[in-house]
Amino acid sequence: MELRTYILIDSMQPQYAALTGVLLSGDVPVEGMAEVFMELAPASDVYEVLDAALKTTDVRPGLLRVEREFGTLEIHSFFQEAVQVAGREALAKFDLTELDRWKPEVVSVKTISNMDAYEAQLVNRMARGGQLLKGQTLCVIEVSPAAYVMLAANEAEKASNITLIHYQPSGRYGRLYISGTDSEVKVARDAAVQAVDSLVGQTP
């Protein structure tokens, strides 16, 4: 089994929780919950891992998805220790630990100040969160593996008063879209990048 992604969100921020609730297909998380997200290969291994996690502690499943190559799961709870134990014990059954995950990489960081109104509207067409407004600063962060963008999104919101426009956690690269003033976006951007860069893992 290959652990491509293992993410712990210690406390879901308000916008992040709301957007995540829209993007997940299972039990809906809310602000203040803790969360663990995993991406595994082969894809069908995700069934056994989620089963093990749910039988370990009282956590709720937000996602179980099997794609061509990878399987993904999400669990959440108001108790951070519960999701930590569930994730740790589920991996232990397959002789894995959190440190066996792939180490993420920030692939690209783009910042655009004083957004044009027409470009802002085009960005908003794919948004599932807040809206980008004329004159604001937009920041787009790309990470690999893609799901680590979830940590970047939560940490960006935690660090600064930004608008979380959207995050896209699948595909070759994950993308985070945030907006606000120049100074707000800079603080959020730096926090997001630092959070991803600080994770320990294996080199793919």
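Coordinates for the structure precede this section.
We now turn to the structure provided with this report.

Criteria and cut-off values
Residues numbered from 1 in each chain as written. Predicted model: local features only at pLDDT ≥ 70, side-chain atom pairs only at ≥ 80, totals over all residues. Heavy atoms only, no water. Helix = DSSP H or I, 4+ residues; strand = E, 2+ residues; numbered from the N terminus. Rg over C-alpha atoms; globule rule 2.2 N^0.38 Å. Contact = heavy atoms within 4.5 Å. Areas by Shrake-Rupley, 256 points an atom, 1.4 Å probe, with all protein chains shown as cover. Core = buried A, V, L, I, M, F, W, Y, C linked by side-chain atoms within 4.5 Å. Buried < 20%, exposed > 50% of the residue type's maximum accessible area, 1.4 Å probe, protein only. Salt bridge = Lys/Arg side-chain N within 4 Å of Asp/Glu carboxyl O. Pairing = 2+ DSSP bridges. Axes fitted to C-alpha atoms, helices over the stretch in contact; angles between N-to-C directions. Expected span 1.5 Å × (residues − 1).

## Quick word on the overall build of the protein chain
- When you go through the protein chain residue by residue, the secondary structure sums to six helices and eight strands.
- Mapped in sequence order, the helices and strands of the protein chain form the string β-α-β-α-β-β-α-β-α-β-α-β-β-α.
- Taken over C-alpha atoms, the radius of gyration comes to 17 Å for the protein chain, in line with the 17 Å a tight globule of 204 residues would show.
- Considering only C-alpha atoms, the protein chain reaches an extent of 50 × 30 × 30 Å along its principal axes.
- Across the protein chain, every contact between residues at least 6 apart in sequence was considered, and the portion connecting residues at least 24 apart equals 71%.
- A total accessible area of about 9600 Å² is found for the protein chain, and carbon and sulfur atoms account for 49% of it.

## Some remarks on the nonpolar core
- With 34 residues, the main nonpolar core has Ile7, Tyr16, Ile141, Tyr167, Leu176 and Ile178 as its most contacted residues.
- Going through the elements one at a time, strand S1 (2–9), helix H1 (14–23), strand S6 (137–144), helix H5 (149–159), strand S7 (163–168), strand S8 (174–180) and helix H6 (182–197) are the ones with two or more residues in this core.
- What Ile178 contacts, discounting residues up to four positions off in sequence, is Thr137, Leu138, Cys139, Ala156, Ile162, Thr163, Leu164, Ile165, Val185, Ala188 and Arg189.

## Some details on the pattern of salt bridges
- The tally for this structure, following the rule as stated, stands at nine salt bridges.
- Between Glu155 and Lys158 there is a salt bridge, with the nearest N and O atoms lying 3.0 Å from each other. Residue Glu155 and its partner Lys158 are both found in helix H5; the two are separated by three residues, about one turn of the helix.
- When its relative accessible area of 35% is taken as the criterion, Lys158 is described as partly exposed.

## What about the sheet that holds strand S2 (residues 34–41)?
- Judged by pairing direction, the sheet is antiparallel, and its four strands sit side by side in the order S1-S2-S4-S3 without closing on themselves. The open sheet terminates on both sides in strands that have one partner only, identified here as S1 and strand S3 (60–66). For this sheet, the mean inter-axis angle between neighbouring strands, taken without regard to orientation, is 10 degrees.
- Strand direction decides the pairing type here: S1 and S2, joined by seven bridges, are antiparallel.

## Comments concerning the pairing of S7
- Two strands pair when backbone bridges link them, and S7 and S8 are joined in this way by five bridges, in the antiparallel orientation. When the bridges of S8 are listed, Gln168 appears paired with Arg175.
- The turn joining S7 and S8, which pair antiparallel and follow one another in sequence, is formed by five residues; a positive phi near 100 degrees is taken by Gly171.

## Points about the environment of Gln121
- Tracing the chain through its elements places Gln121 in helix H4 (residues 117–124).
- The spacing of Gln121 and Glu48 is 73 residues in sequence and 43 Å in space, taken between C-alpha atoms.

## Notes on helix H3 (residues 80–92)
- Helix length check: H3, at 13 residues, gives a terminal C-alpha distance of 18 Å against a target of 18 Å (1.5 Å per residue), a fit within 8%.
- Every buried residue belonging to H3 is among Ala82, Val83, Val85, Ala86, Gly87, Ala90 and Leu91, and all of these are buried.
- Turning to H3, the residues buried within the fold contact S1, S2, helix H2 (45–54) and strand S4 (71–77).

## Overview of the environment of Val109
- For Val109, the position within the fold is in strand S5 (residues 105–112).
- It is 9.1 Å that separates the C-alpha atoms of Val109 and Val143, two residues lying 34 residues apart in sequence.

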